[in-house]
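# A structural walkthrough
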Amino acid sequence: MSMSFDLNKYFVMGTANCKREPLLVLEEALQAGITMFQLREKGKNALKGDAYAEFARQCQKLCQTYKVPFIINDDVELALTLNADGIHVGQEDTGIEQFRFLAKNKIIGVSVHTIEQLEMAIANGADYAGIGPIYETSTKDDARAPVGLTLLEEAKSQYTQFPIVAIGGISVENSFIVRQTGVNGVAVISAISHSDNIKEAVNSL
Ligand code: 3NM
């Protein structure tokens with residue numbers, strides 16, 4: 001059993017996604033009421049080494065202040081070093097067994113794109129799954145073709161109790177229809193990180 005968490009408004013971010021100072025963007029999002037945060041430091045200008053670890057520490061500190069779970073994307077080592085609240089991994093990333101063994105009460109999220117992958121993630125002990133991309137997104141370089149809303153509906157009807165968050169191309173405008181599928185929350189990058197009014201964006205999601 002992992003610690004409790006709420007997928008309702010899940011903000012995912014790395015420095016490459018921000019047009020302004022990333023820590024300010026994160027703090028505004030936290031103030032506005034995001035329920036979960038994932039550090040996803042990717043791209044060609046991504047921070048590396050000590051700068052990356054230090055940035056992660058500062059994000060973690062902010063999340064702790066606002067009592068929001070701090071999740072690290074695809075970096076088991078850093079998640080363990082910082083004692084992060086959890087990790088999020090994709091289909092190509094390292095398995096979750098090692099992290100679960102070393103960090104029993106941590107949150108483990110897995111990205112899935114099909115019902116079969118969702119089944120596998122549940123069988124392997126994931127705490128939640130991210131399903132996407134729901135719509136076209138230009139934020140993720142290697143994003144797959146959109147899966148649409150039907151996969152969310154199918155997932156929620158087959159696994160009613162399992163926490164699922166939708167991701168990919170979700171905006172203030174389309175989040176309402178995404179939520180109608182019964183998902184536990186929406187995960188966004190640009191809808192928050194590119195917003196000129198983060199408070200309004202988070203409130204409207
Ligand atoms: N994962 P935006 S789509 C990080 O399909 C990520 O698993 C996806 O960015 C998946 O909210 C995606 O700006 C990008 O569309 C989400």
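Quick caveat, the model's predicted, so the values are computed rather than measured. (Residues numbered from 1 in each chain as written. Predicted model: local features only at pLDDT ≥ 70, side-chain atom pairs only at ≥ 80, totals over all residues. Heavy atoms only, no water.)

### Considering the site of the ligand
- Looking at the ligand, there are 14 residues lining it, with Pro-133, Thr-137, Thr-139, Gly-169 and Ser-190 nearest.
- Between the ligand and the protein, one listed contact pairs an oxygen atom with a backbone N or O atom of Gly-132 at 3.4 Å.
- In this structure, Gly-169 approaches the ligand through a main-chain N or O atom, which is 2.8 Å from an oxygen atom.
- Taken together, the residues of the shell around the ligand sort by class into four nonpolar, eight polar and two charged. (Near = heavy atom within 4 Å. Polar contact = N/O pair within 3.5 Å; in protein donor to acceptor, adjacent residues only side chain to side chain. Nonpolar A, V, L, I, M, F, W, Y, C, P; charged D, E, K, R; others polar.)

### A look at the pattern of salt bridges
- A complete count under the given rule lists five salt bridges for this structure.
- Put simply, Arg-20 and Glu-28 hold a salt bridge, and the shortest N to O gap is 3.1 Å.
- Residue Arg-57 is joined to Glu-54 by a salt bridge in which the shortest nitrogen-to-oxygen separation is 3.2 Å. In this pair, Arg-57 and Glu-54 are both assigned in helix H2 (residues 49-65), three residues apart and thus about one turn of the helix distant.
- Of the residues examined, Glu-54 reaches a relative accessible area of 36% and is grouped as partly exposed. (Salt bridge = Lys/Arg side-chain N within 4 Å of Asp/Glu carboxyl O. Helix = DSSP H or I, 4+ residues; strand = E, 2+ residues; numbered from the N terminus. Buried < 20%, exposed > 50% of the residue type's maximum accessible area, 1.4 Å probe, protein only.)

### What about the UniProt feature "domain: Thiamine phosphate synthase/TenI" (unreviewed entry) in the protein?
- UniProt annotation of "domain: Thiamine phosphate synthase/TenI" (unreviewed entry) refers to residues 10-192 when read in the numbering used here.
- As a span, residues 10-192 carries 38% helix and 19% strand, and end to end its C-alpha atoms are 10 Å apart. (UniProt positions renumbered as here; feature names shortened; annotations may be inferred.)

### Structural notes on the pairing of strand S4 (residues 86-89)
- Residue alternation in S4 divides its side chains into two sets, Gly-86 and His-88 and Ile-87 and Val-89, and both sets are buried.
- Viewed along the sheet, the connection from strand S3 (residues 70-73) through helix H3 (residues 76-82) into S4 turns out right-handed.
- Strand direction decides the pairing type here: S4 and strand S5 (residues 107-112), joined by four bridges, are parallel. Paired with His-88 across the strands is Gly-109, a residue of S5.
- Between S4 and its parallel partner S5, the chain crosses via helix H4 (residues 97-102), and the hand of that crossover is right-handed. (Right-handed = clockwise from strand over helix to strand, strands pointing away. Pairing = 2+ DSSP bridges.)

### Looking at the packing of aromatic side chains
- Per the stated rule, a full pass over the model turns up four aromatic pairs.
- Ring pairs connect the aromatic residues Phe-5, Tyr-10 and Tyr-128, which therefore count as one cluster. (Phe/Tyr/Trp six-rings, centres within 6.5 Å; stacked < 30°, edge-to-face > 60°.)

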